[in-house]
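Residue-level structural notes
Read off the chains here:
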Amino acid sequence: MAAKCGAEVTLSDSSELPHCLEICRQSCQMNNLPQVHVVGLTWGHVSRDLLALPPQDIILASDVFFEPEDFEDILTTVYFLMQKNPKVQLWSTYQVRSADWSLEALLYKWDMKCVHIPLESFGADKEDIAESALPGRHTVEMLVISFAKDSL
């Protein structure tokens, strides 16, 4: 969607899932988006592709905060990207799955902060979103993560 709106986009999925990367390329082709660069990145791994990325302004992350054991790898990679552009923001959603786990401690460790965006502020607080209802009641949060230091 960002590319369709004119943004310069790099699309990624795990470098360990070449089939998913191929699906990303096919999706770009089917949507007439040949300018979108598809790159394999794996959270927590430093690779040539990660090192070659230009500074980002916004990182849109979909379905990344799923398994708590992956959270630190995600934030490690985001921290690396923030070193290239300290003003970058990670925009993501997070489905609260357990009261025993929170991102707050990891954000503090990596000198990051999180702003929670109320779903109702953009009409996403309904049970039936995009013609797909999740079974049961879920708590979903919209997050904007950035460096904690306001001076950056």
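Source: prediction; values computed, not measured.

Rules used in this analysis
Residue numbers here run from 1 along each chain, matching the order of that chain's written sequence. A pLDDT threshold of at least 70 governs which residues receive local features in this predicted model, and a stricter bar of 80 or more applies before side-chain atom pairs are shown or counted, although totals over entire chains, interfaces and linings include all residues. Processing note: side-chain calculations cover all non-hydrogen atoms of the structure and skip hydrogens and water entirely. The helix count covers DSSP runs of H or I at least four residues long, the strand count covers runs of E at least two residues long, and both are numbered beginning at the N terminus. Residue count minus one, scaled by 1.5 Å, sets the expected span of a helix. Burial classes follow relative accessibility: with a 1.4 Å probe on protein chains only, a residue under 20% of its type's maximum area counts as buried, one over 50% as exposed, and anything between as partly exposed. The arc refers to the directions leading from the helix axis to the C-beta atoms. Residue contacts are counted whenever heavy atoms from the two residues lie within 4.5 Å of one another. Two rings from Phe, Tyr or Trp (for Trp, the six-membered ring) form a pair when their centres sit within 6.5 Å of each other. Planes less than 30 degrees apart are called stacked, planes more than 60 degrees apart edge-to-face, and all others tilted. For this text, the term disulfide refers to a pair of cysteine sulfurs within 2.5 Å.

1. Some remarks on helix H1 (residues 18-30)
- Taking 1.5 Å per residue as the helical rise, H1 with its 13 residues ought to reach 18 Å, and the 18 Å between its terminal C-alpha atoms agrees with that figure.
- Looking at H1, one finds that the buried residues are Leu21, Cys24 and Cys28. Looking straight down H1, one finds its buried side chains confined to an arc of 55°; they lie on one side. Opposite its buried face, H1 presents the exposed residues His19, Gln29 and Met30, each directed more than 90 degrees away.
- In this structure, the buried residues of H1 make contact with strand E1 (10-13) and strand E2 (37-40).

2. What to know about the packing of aromatic side chains
- In this structure the tally under the stated criterion is 3 aromatic pairs.
- Judged by centre distance (5.3 Å) and plane angle (85°), the ring pair of Phe65 and Phe71 falls under edge-to-face. As far as the burial class goes, Phe65 and Phe71 line up, both buried.
- Where Tyr79 meets Trp110, the ring centres are 5.1 Å apart and the plane angle is 55°; that geometry is what we call tilted. With Tyr79 in helix H3 (residues 71-84) and Trp110 in the loop between helix H4 (104-109) and strand E5 (112-117), this residue pair connects regions lying 31 residues apart in the sequence.
- On the accessibility criterion, Tyr79 (27% relative accessible area) is partly exposed.

3. Points about the state of the cysteines
- Under the criterion given, the structure shown has 0 disulfides.
- The thiol sulfur of Cys20 is not disulfide-bonded, and the nearest other cysteine sulfur, from Cys24, lies at 7.0 Å.
- Of the residues examined, Cys20 reaches a relative accessible area of 27% and is grouped as partly exposed.

4. Section: the environment of Leu119
- Here Leu119 shows up in the loop between E5 and strand E6 (128-129).
- Look at Leu119 and you get buried, because its relative accessible area is 18%.
- When the C-alpha positions of Leu119 and Val140 are compared, they lie 8.2 Å apart, and in sequence the two are 21 residues distant.
- In contact with Leu119, other than residues within four places in its own chain, are Ala124, Asp125, Val140 and Met142.

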